Structure formats: C-alpha cells, structure tokens
Amino acid sequence: MSNITFIKENKLVVAADGANLREKALQNGIDIYTLKGKLMNCGGYGQCGTCVVEIVEGLENLSPKTPFEKRVLRKKPQTYRLACQALVNGPITVKTKP
C-alpha cells in the first residue's frame, strides 16, 4: 500500500501498489484539471496532456514516463507527470494544477 499526499487539498489517500494516480485522485474527489482540461480531457487515455501534476516528493516511486509523456512534458520540469500515465508504487506527495 502507498500513501498519496495531495498538498493543496490537504488530503491523504491510500492506494494499492500499481494504482493509477489520476484514478485515485478522482475517486477521492480531488480535482486535477484546469478549465481547459475539464473541456478537453480524454478520460485518462493519455492523449490530451491536461492532467499535469507536480511530484514534490517520491518521484522514484512512480512508473517510468511513457513516450507520450516525454513528448508532452519535454519543456516542463522533470518533476511534472501526467496523472493518467503514472502508476504509484510507493509514497508520493503531489501538487495539483502546477
């Protein structure tokens, strides 16, 4: 089991190892989308790039970046991930809507 701490929401979520970060956020009422993301999101299929989050702690506890993530986030800090593409394998701290 892994703990996901959402900083802005001041919320701690417990997730099974291998859980999808986007799914755990939405299941727990955490809004990860900006207005643009709410209008254009692909539903978690890794095609729109609107579920960007910043991993403040525990970046090593996520699955490796997918080729799509690398392309979409190439000009962003290394700590940015697409929530729909990140699988949680240990404790992490997340900042939504960076």
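As the structure is a prediction and not an experimental result, all values here were calculated from the model.

Visitor: Pulling in residues and values, what's your account of the sheet that holds strand β1 (residues 2-6)?
Guide: Backbone hydrogen bonds hold the strands of a sheet together, and the pairing may be parallel or antiparallel. Across the sheet, which stays open at both edges, the five strands sit in the order β2-β1-β7-β4-β5 with mixed pairing between neighbours. Sheet topology places β2 (11-15) and β5 (80-82) at the edges, where each strand pairs with a single neighbour. Averaged over neighbouring strand pairs, the angle between their axes works out to 35 degrees when direction is ignored. Sheet topology places β1 next to β2; five bridges connect them, and they run antiparallel. Pairing of F6 across the sheet is with K11, part of β2.

Visitor: Mind laying out a nonpolar patch on the surface, listing which residues take part and the relevant values?
Guide: Together, L35, L39 and M40 make up a nonpolar patch on the protein surface, roughly 370 Å² of accessible area in all. Turning to its location among the elements, M40 is positioned in helix α2 (residues 35-40).

Visitor: Describe in detail the pattern of salt bridges, supporting the description with residues and values.
Guide: Tallied over the entire structure, the rule returns four salt bridges. Here K38 ties to D31 by a salt bridge, and the two come within 2.9 Å at their closest N and O atoms. Overall, K38 belongs to the partly exposed group, its relative accessible area being 49%. The class for D31 is partly exposed, based on a relative accessible area of 29%.

Visitor: Describe the layout of surface pockets, naming the residues involved and giving the relevant values.
Guide: The calculated volume of the largest pocket comes to roughly 280 Å³. In this structure, the largest pocket is lined by 15 residues; those nearest its centre are T34, G49, T50, V52 and K76. By residue number, the principal contributor to the lining of the largest pocket is α2, which donates three residues. Here the lining of the largest pocket is composed, by residue class, of eight nonpolar, four polar and three charged.

Quick notes on the rules
Residue numbers run consecutively from 1 along every chain, following the written order of its sequence. Whole-chain, interface and lining totals are the exception, using all residues; otherwise, since this is a predicted model, local features are given only for residues with pLDDT of at least 70 and side-chain atom pairs are given and counted only at 80 or more. The side-chain values count all of the structure's non-hydrogen atoms but skip hydrogen atoms and water molecules. By this definition, two strands are paired if DSSP reports at least two bridges between them. Think of it this way: any DSSP run of H or I at least four residues long counts as a helix, any run of E at least two long counts as a strand, and we number them from the N terminus. Lines are fitted to the C-alpha atoms to define the axes, a helix being fitted only along its stretch in contact, and any angle between axes, read from their N-to-C directions, falls within 0 to 180 degrees. Patches here are clusters of residues that have more than 30% relative accessible area and form no salt bridge, with a 9 Å joining cutoff for like charges and a 5 Å cutoff for nonpolar side chains (Val, Leu, Ile, Met, Phe, Trp, Tyr). The accessible surface values rely on the Shrake-Rupley method and a 1.4 Å probe; as for residues, cover is taken only from the protein chains in view. In the sections that follow, a salt bridge refers to a side-chain nitrogen of Lys or Arg positioned within 4 Å of a carboxyl oxygen of Asp or Glu. Burial status follows relative accessibility: with a 1.4 Å probe on protein chains alone, a residue under 20% of its type maximum counts as buried, one over 50% as exposed, and anything between as partly exposed. The rule is simple: put a 1 Å grid over the protein atoms alone, call a set of points where a 1.4 Å probe fits but cannot get out a cavity, call an open set with protein on both sides within 12 Å along at least five of seven lines a pocket, and count a residue as lining if it has an atom within 4 Å of a point. Grid points are joined across faces, edges and corners, and a volume is the space filled by probe spheres set on the points. Put simply, Ala, Val, Leu, Ile, Met, Phe, Trp, Tyr, Cys and Pro go in the nonpolar bin, Asp, Glu, Lys and Arg in the charged bin, and everything else, Gly too, in the polar bin.

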